[in-house]
Amino acid sequence: MPKIVTLTLNPALDKGTRAKNVAPERKLRCGEPTFEPGGGGVNVATAVHRLGGDTVAGWTSGGFVGKLFGSLLDEKNLPHHPIQIAGTTRENFAVFEESSEQQFRFCLPGARLSEEEIQSCVDWLQSIDPVPEFLVLSGSLPPDSDDRLYARMAEAVASSCRVVVDTSGPPLRKAVDGSIFMIKPNIRELGQMVDRSIEDDDEIHEVARSLIEEGGIEVVLTSLGSGGAVLTTAEIRERIPAPTVKIRSKIGAGDSTVAGVVLALARGQSVPEAARFGIAAGAAAVMTEGTELCRRKDTENLYRRIIADGS
């Protein structure tokens, strides 16, 4: 079993296309569509795979969309484990407007999970042998889910497994009540965890340190988008700038960042080194169009640039 396992409770088939203009009440003639299996954990596993790492992606599969989703993962040669559900795997849709070079993203809610289906996810996590070094729980929860659902999944694995959570809102708040190795909020999501706005690096560090001291979190990597990230642990506080790149699409940048961090840690790198590799992967992702994630060559080149710049 690979060292890195991901679980996606609300995966999405990401459809993408291009149009000259996006306007209401008219037929929009679009370009050739693309289809990518997506959703937080699936994206993380895909990025790990593209970066040369070994991983297994667990995901909830339902209906004809689930069948197409699985076949696309097979085409990528990505090891995966579909967990069958009665509902249909959701779809997302993104349109790149050529006239403005802006992207419009439409996200559907997904299928509700029954208690039996949730227990199937728990059972799969508990059946993994040997216990993975990392479990990544990433993405939105299905509609009407208990906010503690990620916390429940984290509790299902052995204490030797380091759990990484990348979500937002109440599910993130509830997840950190347990023993979580790392979270990767953006500055808005970090503020939501403590019901206050955060204005600068000092406040980011203050809030992140309070979360580390109060709970079981060891690492908080606060994403600042093109500004890089702030890394906080019990011993470390530093701002890591992101390299400047041409932005083609921001889809998947956060998932690529998580993938880079976890893969680097699994390879034995330190937390600061892993954070830099993750930021390189996130920057590499925005260089690709549509829903495509980071490329290995781009990521490695950007990582070398970050190291050379001394950041």
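In this report, we go over the structure that sits alongside the text.

Reading guide: rules and limits
- Residues numbered from 1 in each chain as written.
- Predicted model: local features only at pLDDT ≥ 70, side-chain atom pairs only at ≥ 80, totals over all residues.
- Heavy atoms only, no water.
- Helix = DSSP H or I, 4+ residues; strand = E, 2+ residues; numbered from the N terminus.
- Buried < 20%, exposed > 50% of the residue type's maximum accessible area, 1.4 Å probe, protein only.
- Contact = heavy atoms within 4.5 Å.
- Areas by Shrake-Rupley, 256 points an atom, 1.4 Å probe, with all protein chains shown as cover.
- Lys, Arg positive; Asp, Glu negative; His and termini not counted.
- Charge placed at Lys NZ, Arg CZ, Asp CG, Glu CD.
- Pairing = 2+ DSSP bridges.
- Axes fitted to C-alpha atoms, helices over the stretch in contact; angles between N-to-C directions.
- 1 Å grid on protein atoms, 1.4 Å probe; cavity = no way out; pocket = protein on both sides within 12 Å on 5 of 7 lines; lining within 4 Å.
- Points joined across faces, edges and corners; volume = space filled by probe spheres on them.
- Nonpolar A, V, L, I, M, F, W, Y, C, P; charged D, E, K, R; others polar.
- Core = buried A, V, L, I, M, F, W, Y, C linked by side-chain atoms within 4.5 Å.
- Expected span 1.5 Å × (residues − 1).
- Polar contact = N/O pair within 3.5 Å; in protein donor to acceptor, adjacent residues only side chain to side chain.
- Parallel < 35°, antiparallel > 145°, perpendicular 65-115°, else oblique.
- Left-handed = near helix turned anticlockwise from the far one by under 90°.

Digging into the overall build of the protein
Piece 1. Each helix and strand in the protein was counted, giving ten helices and 13 strands.
Piece 2. Considered along the principal axes of its C-alpha atoms, the protein spans approximately 55 × 45 × 40 Å.
Piece 3. Split into buried and exposed, the 311 residues of the protein put 51% on the buried side.
Piece 4. In the protein, of all internal contacts separated by at least 6 residues, the share reaching a separation of at least 24 is 65%.
Piece 5. In the form shown here, the protein has an accessible surface area of approximately 14100 Å², with 47% of it arising from carbon and sulfur atoms.
Piece 6. For the protein, the centre of its 34 positive side-chain charges and the centre of its 43 negative side-chain charges are spaced 7 Å apart.

A look at the sheet that holds strand β5 (residues 80-84)
Piece 1. Taken in spatial order, the nine strands line up as β5-β4-β1-β8-β9-β10-β11-β12-β13 in an open sheet, and their pairing is mixed. For this open sheet the edge positions go to β5 and β13 (237-240), each flanked by a neighbour on one side alone.
Piece 2. Across the sheet, helix α7 (residues 201-214) touches β10 (182-183), β11 (219-223), β12 (229-232) and β13, and the angle it forms with β12 is around 35°.
Piece 3. Running over the sheet, helix α9 (residues 271-286) touches β11, β12 and β13 and is turned about 25° from β13.

Comments concerning empty space enclosed by the protein
Piece 1. Summed over all chains, the structure comprises two cavities of 30 Å³ or more.
Piece 2. Each pocket or cavity is described by its volume, and for the largest cavity that value is around 40 Å³.
Piece 3. Forming the boundary of the largest cavity are Phe-181, Met-182, Val-219, Leu-221, Leu-231, Val-261, Leu-265, Val-271, Ala-274 and Ala-275.
Piece 4. Top element by residues in the lining of the largest cavity is α9. It accounts for three residues.
Piece 5. Taken together, the residues that form the lining of the largest cavity break down as ten nonpolar, no polar and no charged.

Brief notes about the nonpolar core
Piece 1. Among the nonpolar cores identified, the biggest contains 42 residues, and Leu-7, Met-153 and Ile-183 are the most heavily contacted of them.
Piece 2. Counting residues in each nonpolar core, the second largest holds 39 residues, with Ile-4, Ala-47, Leu-51 and Ile-306 among its members.

Observations concerning helix α2 (residues 63-75)
Piece 1. Between its first and last C-alpha atoms α2 spans 19 Å; for 13 residues at 1.5 Å apiece the expected length is 18 Å, and the two agree.
Piece 2. Lining the buried residues of α2 we find β2 (12-19), β3 (34-38), α1 (40-50), β4 (55-61), β5 and β6 (90-97).
Piece 3. Immediately beyond the C-terminal end of α2, within one or two residues, lies Asn-77, with a positive phi of roughly 60°.

Things to note about α7
Piece 1. Between the first and last C-alpha of α7 there are 20 Å, a value that for 14 residues agrees with the 20 Å anticipated at 1.5 Å per step.
Piece 2. Residues Ile-204, His-205, Val-207, Ala-208, Ser-210, Leu-211 and Ile-212 constitute the buried set of α7.
Piece 3. Buried positions along α7 lie against β10, α6 (187-193), β11, β12 and β13.
Piece 4. Two or three places before Asp-202, at the opening of α7, Asp-200 has a side-chain oxygen 3.2 Å from that residue's backbone nitrogen.

Quick notes on the sheet that holds β3
Piece 1. Read from one edge of the open sheet, four strands run β3-β2-β6-β7, paired in mixed fashion. Strands at the two margins of the open sheet, each flanked by one partner only, are β3 and β7 (102-107). Neighbouring strand axes in the sheet, compared pairwise and without regard to direction, differ in orientation by 20° on average.
Piece 2. Note: β6 against β7, six bridges, orientation antiparallel. Counted as the bridge partner of Val-95 is Phe-104 from β7.

Focus on the packing of α1 against helix α8 (residues 253-266)
Piece 1. Between α1 and α8, the shortest axis-to-axis distance is 8 Å and the interhelical angle comes to 55°. In this view, α1 runs oblique relative to α8, as classed from their interaxial angle. Regarding α1 and α8, the two cross each other, and that crossing is right-handed. Across the interface between the two elements, Gly-40, Asn-43, Val-44, Ala-47 and Val-48 of α1 pack against Asp-255, Ser-256, Val-258, Ala-259 and Leu-263 of α8.
Piece 2. Looking at side-chain class alone, the contact of α1 with α8 contains six nonpolar, three polar and one charged residues.

It is worth stressing that arrangement in space is one thing and function is another; only the former is reported here.
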